[in-house]
Amino acid sequence: MDKVEWKNVYQLGVDEIDLQHHKLISIMNNFYDTAVGDPKEYPLNVGKSLKKLTDYTYDHFSYEEALMEKYRYPDVEKHKAQHKIFISQLNSKIPHIAKGNQAEGQELYNFLLEWLLHHIAHIDSLWAEHVLAVESAGKK
């Protein structure tokens, strides 16, 4: 388990979303620091770190979904459902992690890492292509 390094494969070409993904990865890396840091500091920092992560995730998903609706992405409902499943999974894990179990914090980081990077590179890329195509067609 390591911190996330931004790679070009995560770049979607939708500027605001790319900025948000950068920030989300930065927040995840801060959570990583908490999850692998000093065990004495973990109980003090994990709650703040989780709150920042969940708050930003909710905001990001809302923005992303509004953008998909604006550009009439045909699979917007399917994409929203994936977001809901992720939020549900995240919320089910938080109570255990917030109690100060650092090993579970590390497991959560791995879950977040796997889900987010796959989602950006493979799922978000589909709607981003749609948005870019609609924008390109409108400029012609």
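Residues numbered from 1 in each chain as written. Predicted model: local features only at pLDDT ≥ 70, side-chain atom pairs only at ≥ 80, totals over all residues. Heavy atoms only, no water.

1. A short note on the overall build of the protein
Phase 1: Helix and strand counts for the protein stand at four helices and zero strands.
Phase 2: From first element to last, N terminus to C terminus, the protein shows the α and β order α-α-α-α.
Phase 3: Judged by the C-alpha coordinates and their principal axes, the protein covers about 60 × 25 × 20 Å.
Phase 4: Across the protein, contacts joining residues at least 24 apart in sequence account for 75% of those joining residues at least 6 apart.
Phase 5: Accessible surface for the protein amounts to roughly 8,000 Å². Of this, 52% is attributable to carbon and sulfur atoms.
Phase 6: A gap of 3 Å separates the mean positions of the 16 positive and 21 negative side-chain charges of the protein. (Helix = DSSP H or I, 4+ residues; strand = E, 2+ residues; numbered from the N terminus. Contact = heavy atoms within 4.5 Å. Areas by Shrake-Rupley, 256 points an atom, 1.4 Å probe, with all protein chains shown as cover. Lys, Arg positive; Asp, Glu negative; His and termini not counted. Charge placed at Lys NZ, Arg CZ, Asp CG, Glu CD.)

2. Quick look at the packing of aromatic side chains
Phase 1: Enumeration according to the criterion identifies six aromatic pairs in this entry.
Phase 2: Ring centres of Phe61 and Phe86 lie 5.8 Å apart, and the angle between their planes is 70°; on these two criteria the pair is classed as edge-to-face. One end of the pair, Phe61, is in helix H2 (residues 42-70); the other, Phe86, is in helix H3 (residues 76-98), with 25 residues separating them in the sequence. In terms of burial, Phe61 and Phe86 fall into one category: buried.
Phase 3: Here Phe86 and Trp115 contribute two aromatic rings whose centre-to-centre distance is 4.0 Å and whose plane-to-plane angle is 25°, an arrangement assigned as stacked. Linking Phe86 in helix H3 with Trp115 in helix H4 (residues 102-139), this pair joins segments that are 29 residues apart in sequence.
Phase 4: Feature note: the residues Phe61, Phe86, Phe111 and Trp115 constitute an aromatic cluster, connected by ring pairs.
Phase 5: Looking at Lys93, its charged tip hangs above the ring of Phe111, at a distance of 4.8 Å from the centre. (Phe/Tyr/Trp six-rings, centres within 6.5 Å; stacked < 30°, edge-to-face > 60°. Buried < 20%, exposed > 50% of the residue type's maximum accessible area, 1.4 Å probe, protein only. Lys NZ or Arg CZ within 6 Å of the ring centre and 35° of its normal.)

3. Things to note about unusual backbone geometry
Phase 1: For Arg72, which is not glycine, the phi torsion reads 55° and is therefore positive.
Phase 2: Since its relative accessible area comes to 72%, Arg72 is described here as exposed.

4. With respect to the environment of Leu50
Phase 1: Counting through the fold element by element, Leu50 comes out in helix H2.
Phase 2: Spatially, the C-alpha atom of Leu50 lies 14 Å from that of Leu113, the residues being 63 residues apart in sequence.
Phase 3: When near neighbours in sequence (up to four residues on either side) are disregarded, Leu50 contacts Phe31, Ile94, Ile97, Ala98 and Leu108.

5. Looking at the nonpolar core
Phase 1: Ranked by internal contacts, the top residues of the largest apolar core, which has 41 residues, are Met28, Phe31, Phe86, Leu108, Leu112 and Trp127.
Phase 2: Elements that contribute at least two residues to this core include exactly helix H1 (15-36), H2, H3 and H4.
Phase 3: In terms of residues, this core owes the most to one element, H4, which gives 13 residues.
Phase 4: When neighbours within four sequence positions are excluded, Met28 is seen to be in contact with Val4, Leu53, Tyr109, Leu112, Leu113 and Leu116. (Core = buried A, V, L, I, M, F, W, Y, C linked by side-chain atoms within 4.5 Å.)

6. What to know about the side chain of Glu65
Phase 1: Note on placement: Glu65 falls in helix H2.
Phase 2: Despite its burial, Glu65 pairs with no opposite charge, the nearest such side chain being Lys80 at 5.1 Å.
Phase 3: Not counting chain neighbours up to four residues away, the residues in contact with Glu65 comprise Val76, Lys80 and His83. (Salt bridge = Lys/Arg side-chain N within 4 Å of Asp/Glu carboxyl O.)

This is a description of form; function is not addressed.
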